[in-house]
Amino acid sequence: MVSFGKKLKERQVQEWQEYYINYKLMKKKLKQYANHSQAVVLDRRFVLKDFSRMLDNQIEKIVLFLLEQQGALASRISELNEQKESLQEEPDIGKINELREAYQAVGRDLLKLPYFVEINAIGLRKILKKFDKRFGYKFTDYYVKTRANHPYSQLQQVFKHVGLGAVVGAISRNLADLQDRQGSYLSIYDQPSLPLQDPVVDSMQAAVDRLSHSTNFLNFMAQHALIMQEELPTPVEEEVDDQRYHFMSLLLNLANTFLYMVNTYIIVPTADDYSMSLGAAATVCGIVIGAMAVAQIFSSVYFSAWSNRSYFRPLIFSSIVLFIGNVMYALAYDLKSISVLLIGRLFCGFGSARAVNRRYISDCVPLKIRMQASAGFVSASALGMACGPAIAGVLQTNFKIYKITFNKETLPGWLMAISWLIYLIWLWFSFKEPVRDTEIHNVPQESKAEPDSLEKGIVEPLLLKSSENQQDEDEQEDEDEEASEDSHQPANSIAAAYRLLTPSVKVQLLIYFMLKYAMEILLSESSVVTTYYFSWSTGTVAIFLACLGLTVLPVNLVVGSYISNMFEDRQILLASEIMVCIGIVLSFNVIIPYSVPQYVCSGLLLFVAAEVLEGVNLSLLSRVMSSRLSRGTYNGGLLSTEAGTIARVIADATITLAGYLGESMLLNVTLLPSLFICAVSILATFWTYNSLY
């Protein structure tokens, strides 16, 4: 993404100059406040009121201009409608084509308005952020809250864009009416299943959709994938995305995500029995389960780097390695070797292509459906997590074929090996390697020689026009600030990526570490704990784990659709951390005899609260993480994956080490670190947000 200051200069034109937010004037106003505050302490209420009035005036200017432009477009459409009515009586193919072109011209002019709104929205967000950063006020919260729901709010009028939708509808309907379908003119309302038809309509709808910033389930789910969006993509960037996109390849990418999560959790109900059948202690299941996560720490890095050059070859390699790993896992039973079992699980971890899955969506899926694809990535992961234990519960059989044993311990390995083999064949014949950036850029594009009028008029500058040699000190300061915050150069190492993290982002990664640690303790030791305290069978453990996994989507639906719209993310974040802490405390076996209701209820509370916490935490991360971490090998997705994977490794190692103290001590000993890390994360959250706000 081009930095904000450069974007304004590159797209500077005169047509709508006076109707944009005067970003330069507002920056100077902030500088005046700062200069006054050094000599005379200004009244805080005066500053808030004065700057709010300025913003209100600027936003009202935008709204009135939008209404004026929509009215002009509506007048043009009315005139074209009159011409269309006359053609109904005396059809003329030539005139019909001219009329279609006239409607398309209105549509192309309409495309300027969504970009006009969007660039102003970016300027508004940046000036609010600059105000908060410079003065330490909660001005953004104050301004948005007081203007969001007021009946006369001009701010709401900008983002509701009802008028834009009406104009889009009018153009779409009339273009459809003019389309000759078997000699008759059909309304779009008569055959809604038929897709429209005209590229300009798709462009208008995509532009309007990008203005929707309200929280909803799909958007909330999509943010879990930590796939950060460009703020204002250009038409050329969107064309590049379309050249890369291939639906079957995206489907294969999501299938890889689903199968890998199934592969991860399908062994959890039987890992303790498998370990004991090979002569090891039941708590060695922690190492068996965690071996996959250990390997994933390294595989995430080389798969992320590999995806810079290809997507097809990493997925092929992943499928082969996972096939081999599952075969080794299944054969370990007849070989009587715990080493083969662990090596098999390590191979499975070395085949983790989640970095490729995430990167493919970020780089190769068009912006207009990237949110849906990101939500699909998260949903595939959640369904895989639920299906893994459920499938293990069904595989309750025991037979031999040529000295190879098929039972509840080995069948998960054989089933996953066959699944990866089928997937490999499907991948080989159906995946299409996307076009790389260099190939696209080498294709001559006429539009680069002379930009068309649409691209020239799409975005107007927020700064008042001034000559380059009149750039004042404040402008230079702003450019330096944006260059440091929004440089598009990706980080070239883990250390460089870590240096880009702000204190609040580091705290959120700590929270992610904590919740993954607590969830892994709950899931990985469930078979050992429930067998010791309640004598549960493998099938019962599988049902319990599957029920936990099935809560993921409903919980995110409730949070994304309702709770996030009623409370601030920071409030939900802190409340969820406290609920996780309560769930951990209730899980301890202290005084009363440990009962099934206590274990199930505390585990459910812990898991659901952790799911809510993960959703809100990643939602915040996707919005505040540096744009330099949106691309490259060492991106934000890799950092979060590594934090979660390391947490799982430490949790599984804790289970195995605690096993040396005996199964009677396992539950309490493993819960103590969870409680400590949770308490630290709560304190860090308090400290961070109190210091920032």
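Parameters at a glance
Residues numbered from 1 in each chain as written. Predicted model: local features only at pLDDT ≥ 70, side-chain atom pairs only at ≥ 80, totals over all residues. Heavy atoms only, no water. Helix = DSSP H or I, 4+ residues; strand = E, 2+ residues; numbered from the N terminus. Buried < 20%, exposed > 50% of the residue type's maximum accessible area, 1.4 Å probe, protein only. Contact = heavy atoms within 4.5 Å. Salt bridge = Lys/Arg side-chain N within 4 Å of Asp/Glu carboxyl O. Phe/Tyr/Trp six-rings, centres within 6.5 Å; stacked < 30°, edge-to-face > 60°. Axes fitted to C-alpha atoms, helices over the stretch in contact; angles between N-to-C directions. Left-handed = near helix turned anticlockwise from the far one by under 90°. Core = buried A, V, L, I, M, F, W, Y, C linked by side-chain atoms within 4.5 Å. Parallel < 35°, antiparallel > 145°, perpendicular 65-115°, else oblique. Nonpolar A, V, L, I, M, F, W, Y, C, P; charged D, E, K, R; others polar. Expected span 1.5 Å × (residues − 1). pLDDT = per-residue confidence, 0-100. Patch = residues over 30% accessible without salt bridge, like charges linked within 9 Å, V, L, I, M, F, W, Y side chains within 5 Å. Areas by Shrake-Rupley, 256 points an atom, 1.4 Å probe, with all protein chains shown as cover. Polar contact = N/O pair within 3.5 Å; in protein donor to acceptor, adjacent residues only side chain to side chain.

What follows covers the overall build of the protein chain. Secondary structure assignment for the protein chain yields 32 helices and 2 strands. Residues classed as buried in the protein chain amount to 53% of the 693 residues present. Long-range contacts, defined as pairs at least 24 residues apart, comprise 85% of the intrachain contacts of the protein chain with a sequence gap of at least 6.

What follows covers the pattern of salt bridges. Taken as a whole and judged by the stated rule, the model has 7 salt bridges. Of the charged contacts in the structure, one is a salt bridge between D50 and R53, with a shortest N-O distance of 3.6 Å. One end of the pair, D50, and the other, R53, are both in helix α3 (residues 44–89), 3 residues apart, so they sit about a helical turn from each other. With relative accessibility at 16%, the residue D50 sits in the buried group. One salt bridge connects E614 with K516, and the closest N-O pair in it is separated by 3.5 Å. Placement of E614 in helix α30 (residues 596–624) and of K516 in helix α25 (residues 503–524) is noted, with a sequence separation of 98 residues between them. For the pair shown, E614 and K516 are each scored as buried. One network of salt bridges, with partners in common, ties together K29, D50 and R53.

Under the defined criterion, the tally for this structure stands at 28 aromatic pairs. Ring geometry for F312 versus F431: centroids 5.9 Å apart, planes at 20°, classification stacked. In this pair, F312 sits in helix α15 (residues 312–335) while F431 sits in the loop between α19 (411–430) and α20 (437–441), placing the two residues 119 residues apart along the sequence. Note on accessibility: F312 and F431 belong to one class, buried.

Moving on, we get to the side chain of N256. Relative to the helices and strands, N256 is located in helix α12 (residues 247–265). Under the relative-accessibility criterion, N256 is labelled buried at 1%.

Take the packing of helix α14 (residues 285–306) against helix α16 (residues 338–350) next. Relative orientation of the contacting elements α14 and α16 amounts to 35°, with a least axis distance of 6 Å. Crossing geometry of α14 relative to α16 is assigned as right-handed. Each of I287, V288, I289, A291, M292, A295, Q296, S299, Y302 and F303 in α14 lies in contact with α16, whose residues at this interface are L341, L342, R345, L346, C348, G349 and F350.

Here we take up the nonpolar core. In this structure, Y423, L427, F431, V580, I584 and F607 are the most contacted members of the largest nonpolar core, which totals 115 residues. Discounting chain neighbours no more than four positions away, the residues touching V580 are M514, L606, A609, A610, L613 and C678. A34, L73, L113 and I119 belong to the second-largest nonpolar core, a separate cluster that totals 40 residues.

A few words on helix α17 (residues 354–364). For α17, the tally of buried residues reaches 11 of 11 residues, placing the bulk of the element in the interior. Looking only at α17, the buried set comprises R354, A355, V356, N357, R358, R359, Y360, I361, S362, D363 and C364.

Moving on to the packing of α15 against α16. Put simply, α15 and α16 touch, their axes get as near as 7 Å, and they point 165° apart. Viewed along their axes, α15 and α16 adopt a mutual orientation that is roughly antiparallel. Here α15 and α16 pass one another in a crossing that is left-handed. Contacts between α15 and α16 involve F317, V321, L322, I324, G325, N326, M328, Y329, A332 and L335 from the first element and V340, L341, I343, G344, R345, F347, C348 and F350 from the second. When the residues that make up the contact of α15 with α16 are grouped by side-chain class, the tally is 14 nonpolar, 3 polar and 1 charged.

In a regular helix each residue adds 1.5 Å, so 23 residues correspond to 33 Å; helix α31 (residues 636–658) covers 33 Å between its end C-alpha atoms and thus fits that length. Where burial is concerned, most of α31 is hidden: 19 out of the 23 residues are buried.

Glancing now at unusual backbone geometry. Its identity as a non-glycine residue notwithstanding, K336 has a phi of 55°, on the positive side. Inspection of the secondary structure assignment puts K336 in the loop between α15 and α16. Even without being glycine, S535 reaches a positive phi, approximately 55°. Summarising the element assignment, S535 is placed in the loop between α26 (526–534) and α27 (538–550). Residue classification places S535 among the exposed positions, given a relative accessible area of 62%.

Per-residue pLDDT for the protein chain has a mean of 78; in total, 72% of the residues score no lower than 70. Counted against residues more than four places away or in other chains, residues 483–487, with its pLDDT under 50, gives 11 contacts.

Let's shift gears to the environment of E409. Here E409 shows up in the loop between β2 (404–406) and α19. A relative accessible area of 8% means that E409 is categorised as buried. Excluding residues within four positions of it along the chain, E409 makes contact with T270, D273, Y274, Y329 and Y333.

In this section: a nonpolar patch on the surface. On the surface, L421, I425, W428 and F429 cluster together to form a nonpolar patch covering roughly 490 Å² of accessible area. As for its position among the elements, L421 is in helix α19.

What follows covers the side chain of T538. Within the secondary structure, T538 is located in helix α27. Looking at T538, its side chain comes within polar contact range of the side chain of K408, at 3.2 Å. Filtering out sequence-adjacent residues up to four positions away, T538 remains in contact with P269, T270, D273, Q396 and K408.

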